[in-house]
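Residue-level listing of the chains:
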Amino acid sequence: MLIKLGNIENMVTVLQSVMKKKLPVKLSYAVSKNVKTLTSECENLYEQRIKILNDSSSKDDKGNPVIKDNQYVFNSDDEKSGAIKAITELLNTEVDVEIMNISMNDVEKCDEAKYDALTGIELDEVMKMVK
């Protein structure tokens, strides 16, 4: 599945809420497996974003990035713009993530009384897994 890195975090958040519901076994397994896969991509994204910020920001006398009020400090607006541009490019990068697909029948089982219903937002993310 091709997905922009900037969309992965939201997908993980929504699928984590789906994981808390009583679901058909196959759907529950697929959601859990896909959350693990997508979380790994999120971790890679966070590492790269921190690397960009660390490389671009001002450094203290020990070579560590300067952070003030939970914000990276930059020597110039150009350095800050460059970091923002690099992070934006990173977030717009499409990656091919191998997700476990499910059938529409697996999703439709959620309509049965013994399972929890999915919200519209949850259903939207789950539908990305339907093959």
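Use the structure listed above.
Here's what I pulled together on the structure shown here. Computed from a predicted structure; not experimentally measured.

## Digging into helix α2 (residues 25–56)
Working step 1: A rise of 1.5 Å per residue sets the reference length of α2, with its 32 residues, at 46 Å; its end C-alpha atoms lie 47 Å apart and thus fit the reference within 8%.
Working step 2: Those residues of α2 that sit buried are Leu-27, Ala-30, Val-31, Asn-34, Val-35, Leu-38, Cys-42, Leu-45, Ile-52, Leu-53 and Ser-56.
Working step 3: Buried residues along α2 sit in contact with α1 (5–19), β3 (71–72), α3 (77–91), α4 (104–108) and α5 (120–127).

## Things to note about unusual backbone geometry
Note on backbone geometry: most residues besides glycine have negative phi, and most peptide bonds are trans.
Working step 1: Its identity as a non-glycine residue notwithstanding, Asp-69 has a phi of 55°, on the positive side.
Working step 2: Structurally, Asp-69 can be placed in the loop between β2 (67–68) and β3.

## Some points on the side chain of Glu-122
Working step 1: Looking at the secondary structure, you find Glu-122 in helix α5.
Working step 2: A polar contact of 3.0 Å, which involves the side chain of Glu-122, links it to the side chain of Ser-17.
Working step 3: At 2.9 Å, the side chain of Glu-122 and the backbone nitrogen of Thr-119 are in polar contact.
Working step 4: Excluding residues within four positions of it along the chain, Glu-122 makes contact with Val-14, Ser-17, Val-18, Lys-21 and Ala-117.

## Details of the packing of α1 against α2
Working step 1: Packing of α1 against α2 brings their axes to within 9 Å, and their N-to-C directions diverge by 145°. Crossing of α1 against α2: the hand is left-handed. Here Leu-5, Ile-8, Glu-9, Met-11, Val-12, Leu-15, Gln-16, Val-18 and Met-19 of α1 lie close against α2, whose contacting residues are Val-31, Ser-32, Val-35, Leu-38, Thr-39, Glu-41, Cys-42, Leu-45 and Tyr-46.
Working step 2: Residues that form the contact of α1 with α2 fall into these classes: 13 nonpolar, three polar and two charged.

## Overview of the nonpolar core
Inside soluble globular proteins, nonpolar side chains tend to come together where they are buried.
Working step 1: Counting 30 residues, the largest nonpolar core has Ile-8, Leu-15, Leu-27, Val-126 and Met-129 as its most contacted members.
Working step 2: Mapped by element, the contributors of at least two residues to this core are α1, α2 and α3.
Working step 3: For this core, the leading source of residues is α2, giving nine residues.
Working step 4: Apart from residues lying up to four places away in sequence, Ile-8 is in contact with Ile-3, Leu-38, Glu-41, Cys-42, Val-95 and Val-97.

## Focus on the environment of Ile-50
Working step 1: Along the chain, the position of Ile-50 falls in helix α2.
Working step 2: Judged by relative accessible area, Ile-50 falls into the partly exposed class, the value being 39%.
Working step 3: Sequence separation between Ile-50 and Ile-87 is 37 residues; the distance between their C-alpha atoms is 9.5 Å.

Calculation criteria
Starting afresh in each chain, residues are numbered from 1 along the sequence in its written order. Selection of residues for local features in this predicted model requires a pLDDT of at least 70, selection of side-chain atom pairs for listing and counting requires 80 or more, and totals for whole chains, interfaces and linings are taken over all residues. Only hydrogens and water are set aside; all other atoms, that is, all heavy atoms of the structure, feed into the side-chain values. Helix and strand assignments come from DSSP, with helices taken as H or I runs of at least 4 residues and strands as E runs of at least 2, each series counted from the N terminus. Expected helix span is given by 1.5 Å per residue-to-residue step, counting one fewer step than there are residues. For each residue, the accessible area found with a 1.4 Å probe, counting protein chains only, is set against the maximum for its type, and the residue is called buried under 20%, exposed over 50%, and partly exposed in between. Two residues qualify as a contact provided that any one of their heavy atoms is within 4.5 Å of a heavy atom in the partner residue. The term polar contact refers here to a pair of N or O atoms within 3.5 Å; inside protein, the definition further demands a hydrogen-donor-capable atom paired with an acceptor-capable atom, and it admits residues adjacent in sequence only when both atoms are side-chain atoms. Fitting a line to C-alpha atoms yields each axis, with helices limited to the stretch in contact; the angle taken between N-to-C directions then spans 0 to 180 degrees. When the near helix sits turned anticlockwise from the far one by under a right angle, the crossing is termed left-handed; a clockwise turn instead gives a right-handed crossing. Only Asp, Glu, Lys and Arg are considered charged, only Ala, Val, Leu, Ile, Met, Phe, Trp, Tyr, Cys and Pro nonpolar, and every remaining residue, Gly among them, polar. Only buried residues count toward a nonpolar core, which is a set of Ala, Val, Leu, Ile, Met, Phe, Trp, Tyr and Cys residues joined through side-chain atoms within 4.5 Å.

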